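Now for the letters of each chain:
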Amino acid sequence: MSRTIEAIMRHMTLPSNGVTNQRNGTEKLEKEIVVRKRHYTWSEARFVRAMIPFHSNVRVGYDGKEVDGKNVLDLMTLAPPEGSTVRVRAEGPDAAEAMHALEQLIQSQPGED
């Protein structure tokens, strides 16, 4: 992986904010992501494929709108430009795993699926 891509990825994510509901064991985690290069770090289809396996509810917000993170068409309506910040929220029993998958997606090399 090139040093430029590594440097970009290092600055892409902020620490997650997490809250666990003690009654039912569900977690609610949020992460802000800066969209760097739309054609490979913010690919709606790749994002959905990464989130589909999880039972948690995944929501993506940008510019006052929030949509289902498991629906490609919903994500396409957000259309965040390069350099914008989107907020991803996962709530459910496997929210931590969903956020880990998101981090893996961000760190994957361009062209990997």
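Residues numbered from 1 in each chain as written. Predicted model: local features only at pLDDT ≥ 70, side-chain atom pairs only at ≥ 80, totals over all residues. Heavy atoms only, no water.

Asker: Help me out: how do you make sense of the overall build of the protein chain in this one?
Answerer: Of regular secondary structure, the protein chain possesses five helices and five strands. If you list the helices and strands of the protein chain from N to C, you get α-β-β-α-α-β-β-α-β-α. Among the 113 residues that make up the protein chain, the fraction classed as buried is 39%. Sequence-distant contacts in the protein chain: of pairs separated by 6 or more residues, those separated by 24 or more amount to 60%. (Helix = DSSP H or I, 4+ residues; strand = E, 2+ residues; numbered from the N terminus. Buried < 20%, exposed > 50% of the residue type's maximum accessible area, 1.4 Å probe, protein only. Contact = heavy atoms within 4.5 Å.)

Asker: Explanation requested: the nonpolar core in the structure shown.
Answerer: Taken as a class, soluble globular proteins show a tendency for nonpolar side chains to be buried jointly. The biggest cluster of nonpolar side chains holds 24 residues, and the ones touching the most others in it are F47, M51, V60, L75, V88 and L102. At the level of secondary structure, the elements contributing two or more residues to this core comprise strand 2 (27-34), helix 3 (44-51), strand 3 (57-62), helix 4 (72-78), strand 5 (85-92) and helix 5 (95-107). Here the element with the most residues in this core is helix 5; it accounts for seven residues. (Core = buried A, V, L, I, M, F, W, Y, C linked by side-chain atoms within 4.5 Å.)

Asker: Mind showing me how you'd approach helix 3 here?
Answerer: Note on helix geometry: an α-helix contains 3.6 residues per turn, so any two residues three or four positions apart are oriented the same way. Within helix 3, six of the eight residues are buried, which leaves the element mostly enclosed by the surrounding structure. For helix 3, the complete set of buried residues consists of E44, R46, F47, V48, A50 and M51.

Asker: Before we go on, may I ask you to explain the environment of S84 in this structure?
Answerer: Along the chain, the position of S84 falls in the loop between helix 4 and strand 5. Here the alpha-carbon distance between S84 and D63, two residues 21 residues apart in the chain, equals 9.2 Å. Apart from the residues lying within four places of it in its own chain, the contact partners of S84 are I33, V34, V35 and Y62. Here the side chain of S84 touches P81 through a polar contact of 2.6 Å, landing on its backbone oxygen. (Polar contact = N/O pair within 3.5 Å; in protein donor to acceptor, adjacent residues only side chain to side chain.)

Asker: Looking at this structure, how should I read helix 5?
Answerer: For helix 5, with 13 residues, the first-to-last C-alpha span of 18 Å sits near the 18 Å given by 1.5 Å per residue. When helix 5 is considered as a whole, its buried residues turn out to be A95, A98, M99, A101, L102, L105 and I106. For helix 5, the angular spread of the buried residues around the axis is 155°, confining them to a single face. (Expected span 1.5 Å × (residues − 1). Arc of directions from axis to C-beta.)

Asker: Hey, could you run me through unusual backbone geometry in this one?
Answerer: One non-glycine residue, D63, adopts positive backbone phi at about 55°. Inspection of the secondary structure assignment puts D63 in the loop between strand 3 and strand 4 (65-68). By relative accessible area, D63 is classed as exposed at 62%.

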